[in-house]
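# Structural description and commentary
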Number of protein chains: 2
Amino acid sequence: MAVLEERPVRLEFFPITGVPEIPSGCALGAVLLQCLEQAAVDLGPQDIVAVAQKVVSKAEGRVVRLAEIEPSKRALGIAGETGKDARMVEVILRESRRIVRRRGDIVISETHHGFICANAGVDRSNVDGGEAVTLLPLDPDRSARRLAEELGCGIIITDTFGRAWREGLLDTTIGLAGVPPFVDFRGTTDRYGYPLQASILAAVDGLAAAAGLVMGKTEQIPAVVIRGFTWTRGDSSAQALLRPTHKDLFL
Amino acid sequence: MAVLEERPVRLEFFPITGVPEIPSGCALGAVLLQCLEQAAVDLGPQDIVAVAQKVVSKAEGRVVRLAEIEPSKRALGIAGETGKDARMVEVILRESRRIVRRRGDIVISETHHGFICANAGVDRSNVDGGEAVTLLPLDPDRSARRLAEELGCGIIITDTFGRAWREGLLDTTIGLAGVPPFVDFRGTTDRYGYPLQASILAAVDGLAAAAGLVMGKTEQIPAVVIRGFTWTRGDSSAQALLRPTHKDLFL
């Protein structure tokens, strides 16, 4: 695990503006670079760009038209119990390793990547052409690595997830390139020499959560520049943020 | 619930530097104002200051010397099973409404305020005089309101909490004054006119999480200024962020 020793002196988040509608097969990196150029923003190697899953999924063609979905018997059963569209349920089941919890119209599942989230990340909003849904990228870390190469900075791909115990959603890391996922204060001591306990912060999730506040859902801001966070480039993966099921006390 | 319509154009986080050790009974607001003055930072009414629980607890005298604690039978039993200091376990039990989960040396409890966290927020680090622990403030919203009056800005009191399903901790809101807890995108539609689903963000938790990255655990940065977030002052409470137990699928 990478140890980050410098804390930021000033951490800034600002939107990448002017991003057009992203069609399937779109060169998302090139589009973002063009928007940055138009805004006269030069990315440095310590900059990080948080990119909303929705545009990554669209660029990668991870869009399904509901008219093309034939719901299974299981999907029809869950649809009857939840009041959800059976085709939507079918897509959720296909995107899930397993259903983790279900109550009322809420379906929490574990995706094939291991993310615990509502509806397996399948989302109806912001997709054109009527009744379509976006799916999470097949390999969000790979998507992040590609964007990191194209933009020359760190990349966090975010999605908006619910949480246990607390109301309200937070943008959360689903794909990662370059930036280490954690800030590790273990091994350091406080000013009295006590070793610090419980001091591994999920740094990229903290960055993602604040970046999500800058992404206007209604205003076409799918990407946010994060500046001022000091990090050392390495192989990194959003998978490191997933607690193995057998270690989790709430699964 | 307050609806925030403006997204930040540039969201900034910077530390309040030069904060000395905070003794019991210390006028924390006055100390922070002095540090801000020395750094030539003028707070505006739209600014928010995130303050680490630890210094609030110390200022309020929420510190217990372990030598003064007589562990109960129950605490001795849990101490034997977990390997924890029985006096520490006793303090955790006193600070808890109930133990939510326990495995190995991990104790997750629900505090009297309703927070779900490790060790009921009782923490050994950064307390002087040997074997002492800090407790969470009795009423963190009240602590926040007092600081908000003294500093003339919004206040988020943060603590570093673990999460279900994901590794790494995030700073999280435990006390709140002025700033609405949520950003609500319900009722708005995307560019195709679809109503946005699942769009209530826990704004202050997003701000707290990023502020936590600027609070250097080892470098005496217990407070961070958050600038650029647009909000409308109101009565607010960190309690609004707590999902009622009967609605939670993971308790």
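Residues numbered from 1 in each chain as written. Chains lettered and ligands numbered in written order. Predicted model: local features only at pLDDT ≥ 70, side-chain atom pairs only at ≥ 80, totals over all residues.

## Side note on the overall build of chain A
Across its full length, chain A carries six helices and 12 strands. In chain A, which comprises 251 residues, the share counted as buried stands at 49%. Here the analysis covers contacts within chain A between residues at least 6 apart in sequence; of these, 62% occur between residues at least 24 apart. (Helix = DSSP H or I, 4+ residues; strand = E, 2+ residues; numbered from the N terminus. Buried ≥ 20, exposed ≤ 12 C-beta atoms within 10 Å, placed from the backbone. Contact = placed C-beta atoms within 7 Å.)

## Things to note about the packing of helix α1 (residues 28–38) of chain A against helix α5 (residues 140–151) of chain A
Residue and element names in this part refer to chain A. Look at α1 against α5: their axes get within 9 Å of each other, and the N-to-C directions meet at 40 degrees. Relative to α5, the element α1 lies oblique. For the crossing formed where α1 meets α5, the hand is right-handed. Together, Leu28, Gly29, Ala30, Leu32 and Leu33 of α1 and Arg146, Leu147, Glu150 and Leu151 of α5 make up the contact between the two elements. In terms of residue class, the contact of α1 with α5 is made up of six nonpolar, one polar and two charged. (Axes fitted to C-alpha atoms, helices over the stretch in contact; angles between N-to-C directions. Parallel < 35°, antiparallel > 145°, perpendicular 65-115°, else oblique. Left-handed = near helix turned anticlockwise from the far one by under 90°. Nonpolar A, V, L, I, M, F, W, Y, C, P; charged D, E, K, R; others polar.)

## With respect to the pairing of strand β4 (residues 96–103) of chain B
All names here are of chain B. Pairing analysis gives six bridges linking β4 to strand β5 (residues 106–111), with the strands arranged antiparallel. Paired with Arg98 across the strands is Glu110, a residue of β5. Counting the residues in the hairpin turn of β4 and β5 gives two residues, including Gly104, whose phi is positive at 55 degrees. (Pairing = 2+ DSSP bridges.)

## Brief notes about the sheet that holds strand β6 (residues 116–118) of chain B
In a beta sheet, neighbouring strands are held together by backbone hydrogen bonds and run either parallel or antiparallel to one another. All names here are of chain B. The sheet built from three strands is open, its strands ordered β4-β5-β6 with antiparallel pairing. Both outer strands of the open sheet, β4 and β6, are each paired with one neighbouring strand and no more. Neighbour to neighbour, the strand axes of the sheet diverge by 30 degrees on average, direction disregarded.

## A look at the nonpolar core
Generally speaking, a soluble globular protein has its nonpolar side chains buried in company with each other. The biggest cluster of nonpolar side chains holds 144 residues, and the ones touching the most others in it are Ile155 and Leu207 of chain A together with Ile155 and Leu207 of chain B. In this structure Leu207 of chain B touches Ala210 of chain A together with Ile48, Ala50, Ile156, Ile226 and Phe229 of chain B, once residues within four positions along its chain are discounted. (Core = buried A, V, L, I, M, F, W, Y, C linked by C-beta atoms within 7 Å.)

## As for the domain arrangement of chain A
Residues and elements named next belong to chain A. In terms of domains, chain A is made up of domain 1 (12–62 + 137–241) and domain 2 (64–132). Contacts between the two partners involve seven residues from domain 1 and, on the opposite side, eight residues from domain 2. Among the residues forming the side of domain 1 that touches domain 2, the class breakdown is three nonpolar, two polar and two charged. (Domains from an automatic or database assignment.)

## A look at the sheet that holds strand β4 (residues 96–103) of chain A
Residues and elements named next belong to chain A. An order of β4-β5-β6 is seen for the three strands of this open sheet, with the pairing classed as antiparallel. Sheet topology places β4 and β6 (116–118) at the edges, where each strand pairs with a single neighbour. Strand after strand, the sheet turns through a mean of 30 degrees between neighbouring axes, direction not considered.

## Digging into the environment of Thr111 of chain A
Residues and elements named next belong to chain A. Tracing the backbone shows Thr111 in strand β5 (residues 106–111). Sequence separation of Thr111 and Asp171 is 60 residues, and the distance between their C-alpha atoms is 17 Å. Non-local contacts of Thr111, meaning those with residues more than four positions away in its chain, are made with Glu95, Ser96, Arg97, Cys117, Ala120, Gly121 and Leu136.

## Thoughts on the environment of Asp47 of chain B
Residues and elements named next belong to chain B. Topologically, Asp47 is positioned in the loop between α1 (28–38) and β2 (48–52). Spatially, the C-alpha atom of Asp47 lies 9.9 Å from that of Glu12, the residues being 35 residues apart in sequence. Dropping the residues within four chain positions of it, Asp47 is found in contact with Cys153, Val225, Ile226 and Arg227.

## Section: the environment of Lys84 of chain A
Residues and elements named next belong to chain A. Within the element layout of this structure, Lys84 appears in the loop between α3 (73–82) and α4 (86–94). Distance from Lys84 to Ile106, taken between C-alpha atoms, is 9.3 Å for residues 22 residues apart in sequence. The contacts of Lys84, once residues within four sequence positions are left out, are Ala79, Val89 and Asp105.

## What about α1 of chain A?
Residues and elements named next belong to chain A. Listing the buried residues of α1 in full gives Leu28, Leu32 and Leu36. The buried residues of α1 occupy an angular sector of 70 degrees when projected down its axis, which confines them to one face. Facing away from the buried side of α1 by more than 90 degrees, the exposed set consists of Ala30, Glu37 and Gln38. Buried residues along α1 sit in contact with α2 (53–59), α5 and β12 (223–227). A positive phi of about 55 degrees marks Ala40, the residue just after α1. (Arc of directions from axis to C-beta.)

## Here's the deal with the confidence of the model for chain A
It should be kept in mind that the predicted coordinates are not to be read in detail where pLDDT is low. Residues and elements named next belong to chain A. Mean pLDDT over chain A works out to 90, with 87% of the residues at or above the 70 mark. A low-confidence stretch, residues 1–5 stays under pLDDT 50, and its non-local contacts, those more than four residues away or across chains, total 10 contacts. Interface predicted TM-score (ipTM) for the complex: 0.93; the corresponding pTM is 0.94. (pLDDT = per-residue confidence, 0-100.)

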